[in-house]
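Reading the structure
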Amino acid sequence: DEFLRSAFLEMFGDPVRNQKGWQRGTIGDTVAETQYGTGTKANSNGVGLPVLRMNNLTSDGAIDLTSLKWCEVADRDLGNYTVRRGDLLFNRTNSPALVGKAAVWDRDDAYAFAGYLVRVRFDESRALPDYISGYLNSRHGKRLLFEKAKPSNNMSNISASELLRLPVLLPDVAEQQRYADLVEATKLAKARLGVAETGSGALFDSLVQQAFGGEVSI
C-alpha cells in the first residue's frame, strides 16, 4: 500500500507544485456520471444481491469483502444500484477520519452498493479510475478530503457535487495507464504473498501439533 502511494508521487509529482507541468482541472472534468447507492434495508440472510457498504472500502483504497450483507434490488433498478468493473466507489458519509474512502471495483460479480457510497464512472479519454483512486488515496488527497468534509452529528459528509469540484492534475492517459498497470501488478503480488503467508501459517500450526504429539522432535 505504501509502495503505491510512493509510486503515484514519483510518476505524477506533487499535486500542489505540479513540477511536471500537467494540465490542471477538477474531478468533474473527467466524470461521465455519478450515482448514489440504494437505500433498501440490508439483510444478513443472503436474500438478494450482496451489497457493498462503507466498511467494504478500506482506508488505503482496497475492496474488503470479509463482511457482507445482502439487499433486494428490483429489476428496473439494477442499472442504478449495481456496480461493474472499473467503477470508482466513494464513501460520502463516515467519521471525520474515514470519510472519502475510495476504491475501484475490479471484479465481474454482481453486487449492489449502499446509500453511503457514490458510484463514479469516468470519461476514460480524460481520466482512468485507478488514477483518480490513487489521487484520492494519496496523502495530498486525504488532506484535501479532510478539509472539505462537512461535520454532522459526529459524522462527516462529502457530497457527489463536492467531490466533482475537487482539483486534480490531469496527466496524459497513457501515463495514467502505466500507473493502472502497476496497480494491477501490485494486487497480484499482494495476493500471492497472502497465499504464501496462509500456507506458511498452516504449515507452522501443523508442525506444532506434530511436535506436541511426539511425531517430530524439536
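See the structure printed just above.
Calculation notes
- Per chain, the residues get numbers from 1 upward, laid out in the order the sequence is written.
- Per-residue local features are limited, in this predicted model, to residues with pLDDT of at least 70; the limit for side-chain atom pairs, both in listing and counting, is 80 or more; totals at the level of whole chains, interfaces and linings are taken over all residues.
- Calculated side-chain values reflect all of the structure's heavy atoms, with hydrogen atoms and water omitted.
- Secondary structure elements follow DSSP: runs of H or I no shorter than four residues count as helices, runs of E no shorter than two count as strands, and numbering proceeds from the N terminus.
- When checking whether two residues touch, look at their non-hydrogen atoms; a contact exists if any pair is within 4.5 Å.
- Residue exposure ignores everything except the shown protein chains as possible cover, and the areas themselves are Shrake-Rupley values with a 1.4 Å probe.
- Strands were regarded as paired on the criterion that DSSP finds at least two bridges between them.
- The angle between two axes is taken between their N-to-C directions and runs from 0 to 180 degrees, where each axis is a line fitted to C-alpha atoms and a helix contributes only its stretch in contact.
- Salt bridges are defined by distance alone: a side-chain nitrogen of Lys or Arg within 4 Å of a carboxyl oxygen of Asp or Glu.
- Only protein chains enter the accessibility calculation, which uses a 1.4 Å probe. A residue is then buried if its area is under 20% of the maximum for its type, exposed if over 50%, and partly exposed in between.
- Only buried residues count toward a nonpolar core, which is a set of Ala, Val, Leu, Ile, Met, Phe, Trp, Tyr and Cys residues joined through side-chain atoms within 4.5 Å.
- Stacked, tilted and edge-to-face pairs are distinguished by plane angle, under 30 degrees for stacked and over 60 for edge-to-face with tilted covering the rest, among Phe, Tyr and Trp rings (Trp via its six-membered ring) whose centres lie within 6.5 Å.
- The directions from the helix axis to the C-beta atoms are what the arc is built from.

For the protein chain, the count of helices and strands is six helices and 12 strands. Look at the contacts in the protein chain between residues 6 or more apart in sequence, and 75% of them connect residues 24 or more apart. Accessible surface for the protein chain amounts to roughly 12,000 Å². Of this, 52% is attributable to carbon and sulfur atoms.

To continue, consider the sheet that holds strand 8 (residues 112-113). As a general point, the strands of a sheet are linked pairwise by backbone hydrogen bonds and lie either parallel or antiparallel. What the three strands build is an open sheet, ordered 4-3-8; its pairing is mixed. A single partner strand is all that each edge strand has here, and the edge strands are strand 4 (69-71) and strand 8. With three bridges joining them, strand 3 (residues 49-52) and strand 4 adopt antiparallel strand pairing. By the bridge assignment, L49 is partnered in strand 4 with C71.

What follows is about the sheet that holds strand 9 (residues 117-122). Ordered in space as 2-9-5-7, the four strands form an open sheet in which the pairing is antiparallel. If you trace the sheet from one side to the other, it starts and ends with strand 2 (31-36) and strand 7 (102-104), each paired once. Across the sheet, the mean angle from the axis of one strand to that of its neighbour is 25 degrees, orientation sign disregarded. The sheet strands contacting helix 3 (residues 129-136) are strand 5 (88-91), strand 7 and strand 9, and the helix crosses strand 7 at an angle near 155 degrees.

Further remarks concern the pattern of salt bridges. With the rule as written, the count across this model stands at 11 salt bridges. One salt bridge connects D87 with R121, and the closest N-O pair in it is separated by 2.7 Å. Here the residue D87 occupies a position in the loop between helix 2 (78-81) and strand 5, and R121 occupies one in strand 9, the gap between them amounting to 34 residues. Salt bridges sharing partners connect three or more residues here, namely E33, D87, R119 and R121.

Time to look at helix 3. Counting buried positions along helix 3 gives eight out of eight residues, so the element sits mostly inside the fold. Residues P129, D130, Y131, I132, S133, G134, Y135 and L136 constitute the buried set of helix 3.

Within the largest apolar cluster, 32 residues are counted, with the highest numbers of intra-cluster contacts made by I27, L88, F90, I132 and L136. If near-sequence neighbours (up to four positions away) are discounted, F90 is found in contact with L57, G100, K101, A102, Y116, L117, V118, L136, L145, I158 and L163. Counting residues in each nonpolar core, the second largest holds 10 residues, with L57, L89, A103 and L117 among its members.

The next point concerns the side chain of N18. One can find N18 in the loop between helix 1 (2-12) and strand 1 (23-26). Setting aside residues up to four positions removed in sequence, N18 forms contacts with R24 and L169.

Among the structural elements, H140 can be located in helix 4 (residues 139-148). A relative accessible area of 16% places H140 in the buried class. Those residues in contact with H140 that sit more than four places away from it in its chain are P15, V16 and Y135.

Our next topic: the packing of aromatic side chains. The way to describe two aromatic rings as a pair is by their centre distance and the angle between their planes. The full count for this structure, using the stated rule, is six aromatic pairs. Arranged with centres 5.4 Å apart and planes meeting at 25 degrees, the rings of F8 and Y131 form a pair that is stacked. You can see F8 sitting in helix 1 and its partner Y131 sitting in helix 3, a full 123 residues away along the chain. Across this residue pair, the class does not change: F8 and Y131 are buried. Between the aromatic rings of F8 and Y179, the centroid separation amounts to 5.3 Å while the plane-to-plane angle is 80 degrees, which identifies the pairing as edge-to-face.

Moving on: the environment of P151. Tracing the chain through its elements places P151 in strand 10 (residues 150-152). Each C-alpha atom of the pair P151 and T93 lies 9.6 Å from the other, and the pair is 58 residues apart in sequence.

Considered for burial, the residues of helix 1 that qualify are L4, A7, F8, M11 and F12. The buried residues of helix 1 occupy an angular sector of 105 degrees when projected down its axis, which confines them to one face. Directly after helix 1, the chain includes G13, whose backbone phi takes a positive value near 80 degrees.

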